[in-house]
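Each chain, written out:
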Amino acid sequence: MKSKHYTVIGLETHIQLNTTKKIFCNCKNSYGAPPNTNICPICTGQPGTLPVFNKDVLRKALVFSYALNCKLNLFTRFDRKNYFYPDTPKNYQITQHDYPVGYDGEFYFYSEKGQDSIKIKSIQMEEDSAKIKHDAGDILIDYNRAGIPLLEIISEASFHDINNIMPYLEFLKRTARFLKISNCNMEEGSLRVDANISISTDKNIIPDYKIEIKNLNSFIAVKNSLLYEHDRQIELLSKGKKLHEETRSWDEKNKKTHLLRKKEAISDYRFIPEANIPPFLLSEKEIFALKSDADLTPYFIINNLVNNYHIELKQAYKLTAHKNLYEYFIEVSKYTYSYKKIINWLLGDVVFNLRKADITIDEMKLLPETLAKVIEMIENGELSGKLVKTMLPELVKGKDLDKLIEEKNIIIYSKKELERTIDKIIKDNPKEVKLYKNGKESILSFFIGKVMEETGDQGDPALSKEILINKLIK
Amino acid sequence: MMNRITFDGIKEKSFKSISKHINENIKKNNSKFNILIEKFNYDKNPNGGLLENVPITIKDNIFYKNHIASCASNILKNYRAPYSAYVVEKLLGEGAFIVGRTNMDEFAMGSSTEYSIYGPTKNPIDPKFVAGGSSGGAAASIITGIASIALGSDTGGSIRQPAAFCGAVGYKPTYGVFSRRGLVAFSSSLDQIGIIGNNVGDIAKSAAVMNGKDPHDLSSYLDRELKHLAEYDFDSYEGERKIIGVIHDFSDTPISKEIENSYKKLISELNKMNYEVVSIFPPFLEYSLPLYHILANAEAASNLSRYDGLKYGLSNNEGNYFERVKKARTEGFGREVKRRILAGTLITSEGYDIDLYKKAQKLRVLLKKNYDVLFSTVNFVLMPTTPTSPFKLGEKINDPIAMYNNDAFTTIANIIGSCAISLPLGTTSGGLPIGFQLMAAPKEDAELLKFSYKLMKDLG
């Protein structure tokens, strides 16, 4: 008899905050500097040094906690997590344990398909560790990363479908980017995930073990490692093996997880309060003032686009993939109310041409008002979509619209001009008019072809069709 | 007996004559008592100021840029300070100069300066006896005329106890009065830099210079009252009438007959001089020592974990990461330090006993509240600094509990974060010094120093 399996997954997501300085010293928080150049006695754990907390970290942590609907601890403090590892300069990490900034939250997120939510256990501030490089048997340590501020977002173990995890992570990333607290660049390691997974054969029984997969630094790695681990655990369980708590790593090359350490060797972190940083006593007023900084989440924006702009969820979701894209949309929408058209053009041909030209939306020279004008002209039948498609490669590079029209020798057909042209075509082709009136609707394409011929492809086919039908049935 | 260097004594003297005097005293005393680990190459400090030409020694756990600070430990034997301690910068800024670094118990863990890789410091009054610890070298440097002011650290009595054993004045300020930047951490919530000196006035003036809000130490604060003592005329102090709480019942915190008699004599003298003395029971005093050891060791285990032989200090190149760390720490730390690291690791381990560490934290909060209440009824608490007079070298080195018991009256000030000062107010029949400790509420440092000055003057 085949037994059913229930998957239980919880995620610990680390986000590097984009503060200008590190969390406990004045070193620069930046990526890509030559090894061990952004370091000082504090972040390398010299004796006699004391952490000096960068308050910007707390502000960003509170804003993010708001965005994830967490309760906020008015009394919050740092603790020390004690363990020996070469990437930990003091051999303890300053983190939060007993009183994290945020707790008991619920993160609402969208995918293309719809809405979902996941419970958040806690959000805590902590320092990043140094970066370790293994080099021909040597361990090389780069302390540039040590002391970069992190937020650790711990979800409840309430994912049951691996397919729900990507949308969660994607939306977490978008939220952090929209709130400007992190660039969440996985290639640079500014978003890293530890995943806990276990399998139960009974929906109502929580497994008595969990396997942690550490340091996953791409969405694909998260997905593939969980799929692998899911299958591996089911296979072992179906063979009647008992699983125990352990920590594993993901081997991207061989698409396998490897054992790092078993439970017996998992350290007891012996948390103690960090006495060098006085606890924070926050006032309701103080934290309430930050609430408005957490307003413009992609969740709120998508709701707004769908409900107030009547845009399809799928498109709203796409539009919020990048903050700049969304902000560009907002700019264009100041000049035209054809929201759906803006989105179609933006997500379609504009993005396509940008990608082709290898420029970002920020670098794009096409002014929002110009795009709005183009869209209005299409609406008015002054330009055809087909034509605009040929113009966009130059427009995104900053070509002036009027100049382009002049150069391309385009005659702007207003609706009136189009009507006049159509009147002439009807007059010149009485035989075809008769056929249409007798019910041969397919003859319409003949007329549209004539319009295109007359206007040199510049008349809008849709608009032409509309005018033709009106005139032909008269 | 020995020609000590007071502020008054150096006022009219040239740097040259002061340094000559110091060199003579070093020559005379250092090999005999093992006080200075290293004499620095010093010169006249070109910065004039409030402390012009004042010679200072620093304990071997306080940083003076580019000079070795080893904590009397093998693991940091050749470690050079990459920056100066905040308090050292302050003192140098007012014209003081640094004579050298003084001997101590390794990582400030001990009460006799016997746990040092450089060997014990002997009591200059009688070299058969210990100088106290962990700032034993600091206290000895004052009474042998090597410095006017000695910087030490006090986590549970390490300033006050050696000051008492050597017959000097030892001041442990309120937590935060002196920045801890550049003090090698032992127990971060208890550590304070303190001063040993010849008299209250010299200490007060130095404290005024050393105090300040250091942006690099979040627990530090500016004490305006203390700052005023830089140029205060102590003889003009009247003050309103102060109430001194004293202990009459020592059944929970036993002390030697000799200390008890001396304490009683002191109280009767105070009564005679019309001081207002009331009898009190310092709340939970008998719990303070075990509580202190739980807190201090837990924090020490964490603070000392950074010494792994990878980044600095004693290093080796054997085996994998854990083997290297193990070797560096095995060879780098002495017995007492290891004992405390192990104890601290044990009590914070998950599932150990009854959450001893968490309970200790709660008890600490309770103690603070109780002493707040006590200090709303008395201004000062007068206690013996130590339960016994100085003991002999080697006497307690293999009996850690007896050694720890030295701190029975001193740890309470660290636990509640208040200020206390040990004053040399008695001698044993054998001529060894006895110290008595005046403790005040947190942030009452200026009052404590003013009152101590008056008390010393009145008692002659």
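Provided above is the structure to which this section pertains.
Residues numbered from 1 in each chain as written. Chains lettered and ligands numbered in written order. Predicted model: local features only at pLDDT ≥ 70, side-chain atom pairs only at ≥ 80, totals over all residues.

K.L.:
What is the right way to look at the sheet that holds strand β13 (residues 246-251) of chain A in this model?
P.N.:
Each strand in a sheet pairs with its neighbour through backbone hydrogen bonds, running either in the same direction (parallel) or in the opposite one (antiparallel). All names here are of chain A. Pairing within the open sheet is mixed, and its nine strands lie in the order β2-β6-β7-β10-β1-β11-β12-β13-β14. This sheet does not close on itself; its edge strands, each paired only once, are β2 (71-72) and β14 (256-262). Pairing of strand β6 (residues 102-110) with strand β7 (residues 115-127), which is carried by eight bridges, proceeds in the antiparallel orientation. Following the sheet pairing, G102 is matched in β7 by I123. Relative to strand β11 (residues 191-200), helix α3 (residues 219-238) is tilted by about 20 degrees, and along the sheet it contacts β1 (6-16), β11, β12 (211-216), β13 and β14. (Pairing = 2+ DSSP bridges. Helix = DSSP H or I, 4+ residues; strand = E, 2+ residues; numbered from the N terminus. Contact = placed C-beta atoms within 7 Å. Axes fitted to C-alpha atoms, helices over the stretch in contact; angles between N-to-C directions.)

K.L.:
Would you explain the nonpolar core in this entry?
P.N.:
Generally speaking, a soluble globular protein has its nonpolar side chains buried in company with each other. Residues I56, A139 and I196 of chain B are the most contacted members of the largest nonpolar core, which totals 134 residues. The contacts of I196 of chain B, once residues within four sequence positions are left out, are S135, A138, A139, I142, A150, G152, I159, A163, A168, V169 and G170 of chain B. Among the nonpolar cores identified, the runner-up in size contains 95 residues, and Y66, I148, Y326 and L366 of chain A belong to it. (Core = buried A, V, L, I, M, F, W, Y, C linked by C-beta atoms within 7 Å. Buried ≥ 20, exposed ≤ 12 C-beta atoms within 10 Å, placed from the backbone.)

K.L.:
Just checking my understanding: could you explain the pairing of strand β5 (residues 169-172) of chain B for this structure?
P.N.:
For a regular strand, side chains alternate in direction, first toward one face of the sheet and then toward the other. Residues and elements named next belong to chain B. The alternating pattern of β5 places V169 and Y171 and G170 and K172 on opposite faces, both of which are buried. Judged from the three bridges that link them, β5 and strand β10 (residues 419-427) form a sheet pairing that is antiparallel. When the bridges of β10 are listed, G170 appears paired with S422.

K.L.:
Even after reading the chapter, I still don't get the pairing of strand β11 (residues 433-440) of chain B, so can you show me in this structure?
P.N.:
All names here are of chain B. For β11, the tally of buried residues reaches eight of eight residues, placing the bulk of the element in the interior. Neither face of β11 is exposed, since P433, G435, Q437 and M439 on one face and I434, F436, L438 and A440 on the opposite face are all buried. Both β10 and β11 contribute to a ladder of eight bridges, which runs antiparallel. Residue pairing in the sheet places P424 in a bridge with G435 of β11. The hairpin formed by β10 and β11 contains five residues between the paired strands, and G431 there has a positive phi angle of roughly 85 degrees.

K.L.:
Can you walk me through the sheet that holds strand β5 (residues 92-95) of chain A in this structure?
P.N.:
Residue and element names in this part refer to chain A. With respect to topology, three strands assemble into an open sheet ordered β5-β4-β15, the strand pairing being antiparallel. What marks the edges here is a single partner per strand, and that holds for β5 and β15 (272-273). Sheet topology places strand β4 (residues 79-82) next to β15; two bridges connect them, and they run antiparallel. Bridge pairing in β15 links D79 to P273.

K.L.:
Can you help me understand helix α4 (residues 136-143) of chain B in this one?
P.N.:
Counting buried positions along α4 of chain B yields eight of eight residues, so the element is predominantly enclosed. Two residues or fewer after α4 of chain B comes G145 of chain B, characterised by a positive phi angle close to 70 degrees.

K.L.:
What's the story with helix α3 (residues 86-93) of chain B in this structure? I'm lost.
P.N.:
One full turn of an α-helix is made of 3.6 residues, so residues set three or four places apart face in the same direction. Residue and element names in this part refer to chain B. For α3, the set of buried residues is Y86, V87, V88, K90 and L91. In the core, the buried residues of α3 are packed alongside β2 (55-59), β4 (149-154), β6 (192-197) and α6 (200-210). Positioned one or two residues after α3, G95 has a phi angle of 95 degrees, which is positive.

K.L.:
Is there a simple way to think about the packing of helix α12 (residues 415-428) of chain A against helix α15 (residues 461-472) of chain A in this case?
P.N.:
Axes are the key here: two packed helices are described by the angle between their axes and the distance separating the axes. Residue and element names in this part refer to chain A. At a minimum axis separation of 10 Å, α12 and α15 run at an interaxial angle of 50 degrees. With respect to α15, the element α12 is oriented oblique. Viewed along their axes, α12 and α15 form a crossing whose handedness is right-handed. Residues K415, L418, E419, I422 and I426 of α12 pack against L463, S464, I467, L468 and K471 of α15. Grouping the amino acids of the contact of α12 with α15 by side-chain chemistry returns six nonpolar, one polar and three charged. (Parallel < 35°, antiparallel > 145°, perpendicular 65-115°, else oblique. Left-handed = near helix turned anticlockwise from the far one by under 90°. Nonpolar A, V, L, I, M, F, W, Y, C, P; charged D, E, K, R; others polar.)

K.L.:
I'm lost on the environment of I23 of chain A in this one. Help?
P.N.:
Residues and elements named next belong to chain A. By secondary structure assignment, the location of I23 is in the loop between β1 and α1 (55-67). The exposure class assigned to I23 is buried, which follows from the 28 C-beta atoms found within 10 Å. C-alpha separation for the pair I23 and D56, spaced 33 residues apart in sequence, amounts to 8.6 Å. Among residues more than four places away in sequence, those in contact with I23 are N54, V57, E127, G147 and P149.

K.L.:
Whenever I open this one, unusual backbone geometry confuses me. Can you help?
P.N.:
In most cases, non-glycine residues show a negative phi, while peptide bonds are predominantly trans. Residues and elements named next belong to chain B. In this structure, the amide linkage connecting G133 to the following residue, S134, adopts the cis form with an omega of 5 degrees. Topologically, S134 is positioned in the loop between β3 (97-102) and α4. At F284, a position not held by glycine, the phi torsion is positive, near 60 degrees. Along the chain, F284 turns up in the loop between β8 (276-280) and α9 (285-303).

K.L.:
Got a minute to help me understand the environment of N379 of chain B in this structure?
P.N.:
Residue and element names in this part refer to chain B. Tracing the chain through its elements places N379 in the loop between α12 (356-374) and β9 (380-384). N379 gets classed as buried once you count the C-beta atoms within 10 Å, which come to 20. Once the C-alpha coordinates of N379 and I294 are considered, the two residues, 85 residues apart in sequence, prove to be 29 Å apart. Those residues in contact with N379, other than ones at most four positions away along the chain, are K242, I243, I244 and A440.

K.L.:
I tried to follow the interface of chain A and chain B on my own but got confused; where do I start?
P.N.:
Accessible area lost on assembly of the parts is the figure often given for the size of an interface. If you look at the interface, chain A gives 25 residues, while chain B gives 30 residues. Of the residues belonging to the side of chain A that touches chain B, the class tally is 14 nonpolar, seven polar and four charged.

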